[in-house]
There are 2 protein chains.
Amino acid sequence: MERRVRPSAVIGLDIGGTFIKAGVVDPGGRILARLKKPTEASSGKAKFLDKLSSIVQTFEDIFANRLNIAGVGIGAPGIIDMRNGVIASSPNFPGWNPFPICRMLTGRIHYPFFLENDANAAALGEMWMGSARGARNFCFITLGTGVGGGLVLNGEIWHGMDGMAGEVGHMTVDPAGPLCLCGNYGCLEAFASANALRGKITADLKTRRSAFFRRFGTDGLSGESAHRAARAGDLLAREAFTRMGAALGIGVSNLVNLLNLERIIIGGGLSAAWKFFYPALQKELRKRAFPAIARRVKIVRARAGEDAGLLGGAYLAWKGVNSKISPQRTQRARK
Amino acid sequence: MERRVRPSAVIGLDIGGTFIKAGVVDPGGRILARLKKPTEASSGKAKFLDKLSSIVQTFEDIFANRLNIAGVGIGAPGIIDMRNGVIASSPNFPGWNPFPICRMLTGRIHYPFFLENDANAAALGEMWMGSARGARNFCFITLGTGVGGGLVLNGEIWHGMDGMAGEVGHMTVDPAGPLCLCGNYGCLEAFASANALRGKITADLKTRRSAFFRRFGTDGLSGESAHRAARAGDLLAREAFTRMGAALGIGVSNLVNLLNLERIIIGGGLSAAWKFFYPALQKELRKRAFPAIARRVKIVRARAGEDAGLLGGAYLAWKGVNSKISPQRTQRARK
């Protein structure tokens with residue numbers, strides 16, 4: 001009596017400054033296929049849109065009639081106008097702002113689109129398939145070149161009045177701290193990003209010595225090389241990570257005293273150096289957060305990792321598609 | 001054809017460390033009668049409960065058959081377990097914790113009770129009848145002996161996982177700042193409370209002179225006397241208020257960068273010194289918050305003032321009562 005429903009999927013797109021990561025995702029969060037292409041925003045808007053269409057086309061070709069693709073969810077950097085599907089402003093697409101990406105894709109790709117900020121998408125990805133599974137109230141902090149964040153309250157991204165909420169990286173954690181790229185002094189990002197690590201180690205090397213950096217040089221000093229140096233026992237690198245952890249501890253204490261969250265999820269490339277910054281984070285948290293609040297919050301490493309963004313895009317697409325179709329069909333598709 | 005409904009009212013109770021403020025409040029937020037009694041928690045739990053019952057009894061006597069009292073909303077200091085109507089822990093009722101105030105009142109007063117933290121109740125009072133009218137996303141900051149806060153998101157108090165959210169006063173605004181009563185260093189409260197003003201002025205007087213404090217002395221140096229000193233042109237007092245404003249500016253910047261709020265409402269006794277701290281607040285906000293976010297947030301003085309707590313209690317009672325009765329009756333009662 002039961003009518004068979006073809007297995008369905010959505011496409012998640014994670015648009016980064018360097019790469020576009022894309023995947024076909026089933027209702028259970030399994031990534032059935034994936035693609036990674038250079039973003040190359042410098043080649044212009046038309047080529048960029050062609051690239052997105054060709055990714056979708058490739059997925060369609062791969063699965064031909066086997067999958068019923070229902071929608072496309074996109075995580076993109078910058079300030080996002082979700083309702084209108086517009087990247088309102090993004091340092092990654094200079095000169096394109098505002099960039100009505102969804103409308104411009106509509107002629108090329110015949111699926112419903114769902115757009116979200118990249119850090120928010122990653123937060124949703126962690127909630128769906130990563131370390132935030134089962135949590136409804138948490139903050140996702142991503143440690144990379146900068147520090148991004150996505151705040152989830154009651155299971156939904158908290159966007160604030162104009163969609164600009166979640167700027168955890170630009171919380172002031174020390175008013176006398178170093179200059180941040182945003183122009184403010186002492187932001188979390190000015191302590192806990194790859195840029196901040198590079199700045200601190202470079203400054204320290206003017207007056208102190210480091211066997212590691214003497215041997216390997218400081219050209220292209222990155223979060224990764226700082227992590228390598230810390231693993232090799234380099235004192236400057238270890239101090240930089242300790243300072244990063246302390247700043248994170250202040251930021252996390254503020255977050256939990258204010259919002260009494262269940263979890264803090266820490267992801268991004270730099271989270272790999274967990275053991276070098278986490279002790280200092282915990283120390284500050286014990287000093288600064290209310291004991292009853294600090295005891296309850298779980299601070300965990302992100303697990304969805306590289307896939308968080310595209311999974312979050314897919315999650316959004318599933319959510320958007322399911323809210324448009326009948327609950328019954330949703331039910332079946334989810335099985 | 002329309003059936004006449006007797007005008008109804010609720011009772012709002014604002015339980016403070018020193019006074020209980022109570023009022024009979026109609027659906028339009030008008031306070032039809034009010035009472036103020038000393039809290040005197042030191043005389044014991046039974047006497048305290050008697051006092052609450054006698055306040056309610058007095059209101060019943062005053063309005064006899066003219067008003068149909070529908071419920072009682074209570075704002076109380078401490079950590080509140082709303083669902084069970086329990087003051088889980090409060091420095092104002094030492095030794096009573098946990099204090100199941102609603103259950104203990106049930107034998108004495110035959111109305112439904114609604115309990116909330118006092119700062120949260122004041123935030124609701126400001127939303128209903130004060131400076132937060134029309135806002136759905138705001139933070140209420142109350143500057144008194146300490147610094148309290150109530151966070152309203154989507155028109156509701158944000159309680160967090162365990163009802164402990166909203167501790168704006170214990171956001172670290174300067175990790176190297178003065179010791180706070182909570183044991184942490186550099187909390188907003190350690191800069192922006194009457195205690196903090198007293199601490200700073202007292203310390204400054206060890207090395208500097210002040211005509212004002214030489215004349216009037218520093219015994220019982222309070223937020224009010226610090227305000228008087230600032231008005232009289234006293235430099236130490238003015239510096240203390242400037243430092244307070246700067247700390248508030250950092251706290252507010254963090255709040256808006258994180259939550260992209262519509263308004264920040266600043267109340268409590270010390271908010272009377274607005275003109276002495278507000279310029280420094282604005283200066284930090286312009287430095288530290290994202291321009292697009294800072295432009296949009298309105299920072300305003302609380303207007304419901306002394307009544308905010310009891311109005312918030314009444315608001316909660318109306319909300320609770322209306323959710324239990326038929327929407328139709330609600331409709332009529334609200335007219």
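Reading guide: rules and limits
- Residues numbered from 1 in each chain as written.
- Chains lettered and ligands numbered in written order.
- Predicted model: local features only at pLDDT ≥ 70, side-chain atom pairs only at ≥ 80, totals over all residues.
- Heavy atoms only, no water.
- Helix = DSSP H or I, 4+ residues; strand = E, 2+ residues; numbered from the N terminus.
- Buried < 20%, exposed > 50% of the residue type's maximum accessible area, 1.4 Å probe, protein only.
- Contact = heavy atoms within 4.5 Å.
- Areas by Shrake-Rupley, 256 points an atom, 1.4 Å probe, with all protein chains shown as cover.
- Lys, Arg positive; Asp, Glu negative; His and termini not counted.
- Charge placed at Lys NZ, Arg CZ, Asp CG, Glu CD.
- Least-squares fit on C-alpha atoms with pLDDT ≥ 70 in both.
- Core = buried A, V, L, I, M, F, W, Y, C linked by side-chain atoms within 4.5 Å.
- pLDDT = per-residue confidence, 0-100.
- Patch = residues over 30% accessible without salt bridge, like charges linked within 9 Å, V, L, I, M, F, W, Y side chains within 5 Å.
- Salt bridge = Lys/Arg side-chain N within 4 Å of Asp/Glu carboxyl O.
- Phe/Tyr/Trp six-rings, centres within 6.5 Å; stacked < 30°, edge-to-face > 60°.
- Pairing = 2+ DSSP bridges.
- Axes fitted to C-alpha atoms, helices over the stretch in contact; angles between N-to-C directions.
- Buried area = accessible area lost by both parts, 1.4 Å probe.
- Polar contact = N/O pair within 3.5 Å; in protein donor to acceptor, adjacent residues only side chain to side chain.

Asker: How would you explain the overall build of chain A if you had to name every residue and give the values?
Answerer: Helix and strand content of chain A: 12 helices and 12 strands. Along the three orthogonal principal directions, the C-alpha set of chain A runs to about 75 × 50 × 35 Å. Scored against the burial criterion, the 335 residues of chain A give a buried share of 56%. Of all intrachain contacts in chain A linking residues separated by at least 6 positions in sequence, the fraction that spans at least 24 positions is 65%. Of the accessible surface of chain A, which amounts to about 14800 Å², a share of 50% is contributed by carbon and sulfur atoms. Distance between charge centres in chain A, computed from 45 positive and 25 negative side chains, equals 5 Å.

Asker: Mind laying out the side chain of S131(A), listing which residues take part and the relevant values?
Answerer: Residue and element names in this part refer to chain A. Relative to the assigned elements, S131 resides in the loop between α3 (118-129) and β8 (138-143). Residue classification places S131 among the buried positions, given a relative accessible area of 9%. Contacts of S131, omitting those with residues within four sequence positions, involve E126, R263, I265, V300, R301, A302 and R303.

Asker: Pulling in residues and values, what's your account of the relation of the copies chain B and chain A?
Answerer: Placing chain B over chain A gives an RMSD of 0.0 Å and needs a rotation angle of 180°, together with 0.0 Å of translation along the axis. Those values place the two copies in the arrangement expected of a two-fold rotation axis. Residues of chain B ranked by C-alpha distance from the rotation axis are headed by D174(B), positioned 2.7 Å from it. With an isologous cut-off of 70% or more, the 100% of interface residues of chain B that recur at the interface of chain A puts this contact in the isologous class.

Asker: Describe the nonpolar core, and please don't skip the residues or the numbers.
Answerer: Membership of the largest hydrophobic core comes to 102 residues, with the highest contact counts inside it found for I264(A) and I264(B). Contact partners of I264(B), with chain neighbours within four places excluded, come to C139(B), I141(B), V252(B), L255(B), V256(B), V297(B), K298(B), I299(B) and V300(B).

Asker: An account of the confidence of the model for chain A is requested, with residue identities and associated values reported.
Answerer: Residue and element names in this part refer to chain A. Per-chain confidence: chain A averages 91 in pLDDT, with 94% of residues scoring 70 or above. Counting interchain partners and residues more than four positions distant, the pLDDT-below-50 stretch residues 325-335 has 10 contacts. Across the interfaces of the predicted complex, the ipTM metric reaches 0.91, alongside a pTM of 0.91.

Asker: Would you mind going over a positive patch on the surface in detail, with residue names and values included?
Answerer: Residues and elements named next belong to chain A. Taken together, the side chains of R228, R231, R238 and K275 present a region of like positive charge at the surface. The residue R238 is located in helix α8 (residues 235-259) in this model. Its relative accessible area of 35% is what places R238 among the partly exposed residues.

Asker: Explain the packing of aromatic side chains to me, using residue names and the numbers behind them.
Answerer: All names here are of chain A. Applying the stated rule across the entire model yields 24 aromatic pairs over all chains. The interplanar angle of 45° and the centroid separation of 4.7 Å between the aromatic rings of F212 and F216 together place this pair among those described as tilted. Residue F212 and its partner F216 are located together in helix α6 (residues 211-216), separated by four residues, close to a single helical turn. Overall, the relative accessible area of 52% leaves F216 in the exposed class. Put simply, the rings of F48, F93, W96 and F99 touch in pairs and so form one group of aromatic residues.

Asker: Lay out the sheet that holds strand β2 (residues 19-25) of chain B in plain terms, naming residues and giving numbers.
Answerer: All names here are of chain B. Here five strands make up an open sheet; going across it, the order is β3-β2-β1-β4-β7 and the pairing mixed. Edge positions in the sheet fall to β3 (31-38) and β7 (113-117), since each has one partner strand and no second. Taking each pair of neighbouring strands and ignoring which way they run, the sheet shows an average axis angle of 15°. Each of β1 (8-15), β2, β3 and β4 (68-76) is contacted by helix α1 (residues 45-63), which is oriented at about 150° to β3, the strand it contacts most.

Asker: How would you sum up the interface of chain B and chain A? Please name residues and give values.
Answerer: Each partner contributes residues to the interface: chain B has 39 residues there, and chain A has 39 residues. Taking both partners together, chain B and chain A bury about 3400 Å²; carbon and sulfur atoms supply 61% of that area. Inspection of the region where chain B meets chain A yields two salt bridges. Summed over the shared surface of chain B and chain A, the number is 26 residue pairs in polar contact (both at pLDDT 80 or more). At the level of elements, β9 (147-153), α8 (235-259), α9 (274-288) and α10 (291-296) of chain B are the ones that each hand at least two residues to the side of chain B that touches chain A. Looking at which element gives the most residues to the side of chain B that touches chain A, the answer is α8(B), with six residues.

Asker: For the environment of F19(A), give the residues involved together with the corresponding values.
Answerer: Residues and elements named next belong to chain A. Of note, F19 is situated in strand β2 (residues 19-25). What makes F19 partly exposed here is its relative accessible area of 36%. For the pair F19 and P94, spaced 75 residues apart in the sequence, the C-alpha separation amounts to 16 Å. Those residues in contact with F19, other than ones at most four positions away along the chain, are D14, K36, K37, P38 and T39.

Asker: Before we move on, could you go through the sheet that holds strand β3 (residues 31-38) of chain A and cite the residues and values that matter?
Answerer: Residue and element names in this part refer to chain A. Pairing is mixed in the open sheet, where five strands are placed in the order β3-β2-β1-β4-β7. Since the sheet does not close on itself, it has two edges, and those belong to β3 and β7 (113-117), each with one partner. Neighbour-to-neighbour, the strand axes of this sheet turn through a mean angle of 15°, independent of strand direction. Where strand β1 (residues 8-15) lies against β2, six bridges are found, and the strand directions are antiparallel. Bridge assignment links V10 to a residue of β2, and that residue is V25. The strands that helix α1 (residues 45-63) touches are β1, β2, β3 and β4 (68-76); relative to β3, the one it contacts most, it runs at about 150°. In the packing of α3 onto the sheet, the strands contacted are β1, β2, β4 and β7, and the crossing angle to β7 comes to about 105°.

Asker: Give me unusual backbone geometry: which residues, what numbers.
Answerer: All names here are of chain A. Residue P98 is bonded to the preceding N97 through a cis peptide linkage, with omega at -10°. For E40, which is not a glycine, the phi torsion comes out positive at approximately 45°. By the secondary structure assignment, E40 is in the loop between β3 and α1. Positioned with a positive phi, N154 is a non-glycine residue whose angle comes to about 55°. Tracing the sequence through the fold places N154 in the loop between β9 (147-153) and β10 (156-157).

Asker: Give me the pairing of strand β11 (residues 263-267) of chain B: which residues, what numbers.
Answerer: Residues and elements named next belong to chain B. Burial analysis of β11 places five of its five residues in the buried class, which makes it a mostly covered element. Neither face of β11 is open: one carries R263, I265 and G267, the other I264 and I266, and all of them are buried. Here five bridges tie strand β8 (residues 138-143) to β11, and the two strands are oriented parallel to one another. Pairing of F138 across the sheet is with R263, part of β11.

Asker: Talk me through the pattern of salt bridges; I want residue IDs and the actual numbers.
Answerer: Residues and elements named next belong to chain A. Under the counting rule described, the total for this entry stands at 24 salt bridges over all chains. Across the pair E40 and K51 runs a salt bridge whose closest N-O atoms are separated by 2.8 Å. Highlighted residues: E40 in the loop between β3 and α1 and K51 in helix α1, separated in sequence by 11 residues. A relative accessible area of 42% means that E40 is categorised as partly exposed. By relative accessible area, which is 16% here, K51 ends up buried. Through salt bridges with shared partners, one network takes in K21, K36 and E306.

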